[in-house]
Amino acid sequence: MKIKYVSRKKLYPAFGESDMKNQVAFVREDLPKIVKKFVRDHELYHLKDKSQNVLWREIKANIYSAIRHPLGSIITLIMSLQPYRIKLYIQRIKKGK
Ligand SMILES: [Zn+2]
């Protein structure tokens, strides 16, 4: 299994993608660090998951990764709803104003 960090342009509007055939997990490099960790483990889970049901696959990958990155899962969820505004918000917290 390999992890590749790729440009926003390549995956937008998705945060990540899993290539089962080549066993590669793709993660967007522009995301906040904590979100990248969540997306990385989510996609890595997909690579070893054999089940076919799409919804069940997503639930399992989300639970697997959320246990490891609780805060990352919450921020990913919020960013999924309003990516632009939340990213701006995170940048402001980092700058401290
Ligand atoms: Zn997924």
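Whatever comes next refers back to the structure up there.
Here the structure is a predicted model, which means the values were calculated and not measured. (Residues numbered from 1 in each chain as written. Predicted model: local features only at pLDDT ≥ 70, side-chain atom pairs only at ≥ 80, totals over all residues.)

1. Looking at the pairing of strand S2 (residues 16–19)
Thinking step 1. What you see with S2 is a clean split: Gly16 and Ser18 sit on the buried side and Glu17 and Asp19 on the side with no burial.
Thinking step 2. Pairing between S2 and strand S3 (residues 24–28): four bridges, direction antiparallel. From the neighbouring strand, Gly16 faces S3, where its bridge partner is Val27.
Thinking step 3. The turn linking S2 back onto S3 is made up of four residues, and Gln23 within it adopts a positive phi angle of 55°. (Buried ≥ 20, exposed ≤ 12 C-beta atoms within 10 Å, placed from the backbone. Helix = DSSP H or I, 4+ residues; strand = E, 2+ residues; numbered from the N terminus. Pairing = 2+ DSSP bridges.)

2. Considering unusual backbone geometry
Most peptide bonds adopt trans geometry, and most residues besides glycine take a negative phi value.
Thinking step 1. The linkage connecting Tyr12 with the following residue, Pro13, adopts the cis geometry, with an omega of 10°.
Thinking step 2. Tracing the chain through its elements places Pro13 in the loop between helix H1 (8–11) and S2.
Thinking step 3. Positive phi values are uncommon outside glycine, yet Gln23 reaches one of about 55°.

3. A short note on the nonpolar core
Thinking step 1. The biggest cluster of nonpolar side chains holds 12 residues, and these are Phe15, Ala25, Phe26, Val27, Leu31, Val35, Phe38, Val39, Leu44, Tyr45, Ala61 and Ile75.
Thinking step 2. It is helix H2 (residues 33–48) that contributes the most residues to this core, five residues altogether. (Core = buried A, V, L, I, M, F, W, Y, C linked by C-beta atoms within 7 Å.)

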